[in-house]
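Geometric and topological summary
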Amino acid sequence: MNGWRTRYLTGMVVDATGAGMYLPLSLLYFHHVTGLPIERVGVLMTAGALFALAGNPVAGMLVDRFGAKAVVVGGYLVRAFGFGLYPFVDSALGMFFAVALVAVGDGSFSPSIQSLVADMARGAERDTLLAAQRSLRNAGLGAGGLIAAGALTLGSDAAYQVIVLGTGVAFVLAAVIVGSIRYRPVAPQVRNLARGGYRTVLANRPFLTLTALNVPIAFGYMVLAVALPVYITTQLGAPTGLVGTLYAVNTIGIALLQIPVTRFLVRFPRTRTTATGAAVIGVSFVVFAALGVVSSSAAVLLAGAFAATALFTLGELMHGATASALVSSAAPAETRGRHLSVYQFSWAIPTATAPAVLTWLMTFSATGMWLVLAAAVTASALALVRLEPRLPQEAVRTTAPVLQPA
């Protein structure tokens, strides 16, 4: 057990460190190497990133046909190849194709990696493995960001290229590490026997309901990156530096606490834990809304912002890993790849549309935006509890772990 688990988590750290190196300068890189205006770079990157939506259902079919590990490794290598093309980009068209190629690999990651975890472990072990993955990936993203920051202080063209090529190398290493894992799938007898394609998923009404209920929560997850910076600085008049501090509270909290929190929560039904986490996130939104309507001192504003962020982080700790375990366990083993690729749309669509939707809501009423989000995630939480009897009981309640040897 320790062998394959350590190898898997090492791959996740290497993957996240590489991604963390590139994410902070994604716009700046192409602006720097192509000389295109930053606005045009943004449009081209968004257009290319839409290919992630195409990579998602394709990955689902490939997982069910060839197995999750093969698709995870293949996705890593596709992204590595895409990053290998970045230094040769010298035009808008070349940039679009390179970004699109990386996006296809990105789109394959979530359904394939969740399927891989579901193949390797079940019961409480699945929850704790996903928790460790979230924790270590957050740490890896932070480490990658620090590496990028150090390289960029050199202020040279070579620093940009080293970061991009370093990201590609990290994905190759992650592919090698994950590819070397040896395990017996939890349900090997059903592999490659799927029939009916995505029609099977569309006929699974409880799973589709579970997917739909995640959409408001996924929008809620986007507030730290999209809505909160604007709200804190323009609506509340707080200094810009507070945004980074609040983001650090969230990411460090997840990195440090996700594993112990999930280990404690595995004794409870996954549906109740996931719903409670969503409800706590809703409470954090109410606190953020209250900060915009009460006249308060700077000290009260600061305390309220930290309290709301702490509540959001607690809700995320309860929801994140447990929701992933719930969904991967609710997906039938023979079509798990397809089911998880459909579920991933409940994250991909909010991620793509949140900037437009949240800023549109904020133009009408910043306070109203928070209250709408709070009502939506709370409604999802209540509906999830009502959905519980229709979901497979092995998905709702953890069982003793069945560990697969290396």
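Bear in mind that the values here come from a model prediction, so they are computed numbers and not experimental data.

This next bit is on the confidence of the model for the protein. A residue-level look at the protein finds 92% of positions with pLDDT of 70 or above and a mean pLDDT of 84. Low pLDDT, under 50, characterises residues 188–193; the stretch is placed with 9 contacts to residues that sit more than four places away or in other chains. Across residues 400–406 the pLDDT falls below 50, and counting only partners more than four positions away or on other chains, this stretch makes 24 contacts in the model.

Taken domain by domain, the protein consists of domain 1 (1–188) and domain 2 (196–396). Taken over C-alpha atoms, the centre of domain 1 sits 23 Å from the centre of domain 2. Between domain 1 and domain 2 the total buried area reaches about 2,500 Å² when both faces are included, carbon and sulfur atoms providing 59% of it. Between domain 1 and domain 2 we count 4 salt bridges in total. Note that Arg336 and Asp119 form a salt bridge whose closest N and O atoms lie 3.2 Å from each other. At the junction of domain 1 with domain 2, the criterion picks out 12 residue pairs in polar contact (both at pLDDT 80 or more). Every element with two or more residues in the side of domain 1 that touches domain 2 is listed here: α4 (51–66), α6 (92–120) and α7 (124–152).

In this section: the nonpolar core. In terms of nonpolar packing, the biggest core is built from 54 residues, with Ile232, Phe285, Leu358 and Trp370 touching the most fellow members. For this core, the secondary-structure elements that each account for two or more residues are α10 (205–221), α11 (227–235), α12 (241–265), α13 (270–291), α14 (298–330), α15 (336–364), α16 (366–387) and α17 (393–396). In terms of residue count, the dominant contributor to this core is α16 (9 residues). With residues up to four places along the chain from it excluded, the contact list for Ile232 reads Gly237, Ala238, Leu242, Val243, Leu246 and Ala305. If you look at the next biggest cluster of nonpolar residues, it comprises 47 residues, including Leu116, Val117, Ala132 and Ala175.

A contiguous nonpolar surface patch, about 350 Å² in accessible area, is contributed by Val58, Met61, Leu62 and Phe66. Tracing the backbone shows Val58 in helix α4. Among the residues examined, Val58 registers a relative accessible area of 41% and is labelled partly exposed.

Turning our eyes to something else, we now look at the packing of aromatic side chains. Tallied over the entire structure, the rule returns 14 aromatic pairs. On the numbers, 6.0 Å between centres and 25° between planes, the contact of Tyr76 with Phe171 is stacked. Of the two residues, Tyr76 sits in helix α5 (residues 68–85) while Phe171 sits in helix α8 (residues 157–179), which places them 95 residues apart along the sequence. Under the relative-accessibility criterion, Phe171 is labelled buried at 3%. Ring centres of Phe285 and Phe312 lie 6.1 Å apart, and the angle between their planes is 40°; this geometry places the pair in the tilted category. One end of the pair, Phe285, is in helix α13; the other, Phe312, is in helix α14, with 27 residues separating them in the sequence. In terms of burial, Phe285 and Phe312 fall into one category: buried.

With that settled, the discussion passes to empty space enclosed by the protein. Scanning all chains against the criterion turns up 1 cavity of 30 Å³ or more. Leu210, Leu213, Asn214, Ile217, Thr274, His319, Ala323, Leu326, Val327, Tyr343, Ser380 and Leu384 together form the lining of the largest cavity. For the lining of the largest cavity, the secondary-structure elements that each account for two or more residues are α10, α14 and α16. Looking at the lining of the largest cavity residue by residue, the class counts come to 8 nonpolar, 4 polar and no charged.

Calculation rules
- Residues numbered from 1 in each chain as written.
- Predicted model: local features only at pLDDT ≥ 70, side-chain atom pairs only at ≥ 80, totals over all residues.
- Heavy atoms only, no water.
- pLDDT = per-residue confidence, 0-100.
- Contact = heavy atoms within 4.5 Å.
- Domains from an automatic or database assignment.
- Buried area = accessible area lost by both parts, 1.4 Å probe.
- Salt bridge = Lys/Arg side-chain N within 4 Å of Asp/Glu carboxyl O.
- Polar contact = N/O pair within 3.5 Å; in protein donor to acceptor, adjacent residues only side chain to side chain.
- Helix = DSSP H or I, 4+ residues; strand = E, 2+ residues; numbered from the N terminus.
- Core = buried A, V, L, I, M, F, W, Y, C linked by side-chain atoms within 4.5 Å.
- Buried < 20%, exposed > 50% of the residue type's maximum accessible area, 1.4 Å probe, protein only.
- Patch = residues over 30% accessible without salt bridge, like charges linked within 9 Å, V, L, I, M, F, W, Y side chains within 5 Å.
- Areas by Shrake-Rupley, 256 points an atom, 1.4 Å probe, with all protein chains shown as cover.
- Phe/Tyr/Trp six-rings, centres within 6.5 Å; stacked < 30°, edge-to-face > 60°.
- 1 Å grid on protein atoms, 1.4 Å probe; cavity = no way out; pocket = protein on both sides within 12 Å on 5 of 7 lines; lining within 4 Å.
- Points joined across faces, edges and corners; volume = space filled by probe spheres on them.
- Nonpolar A, V, L, I, M, F, W, Y, C, P; charged D, E, K, R; others polar.

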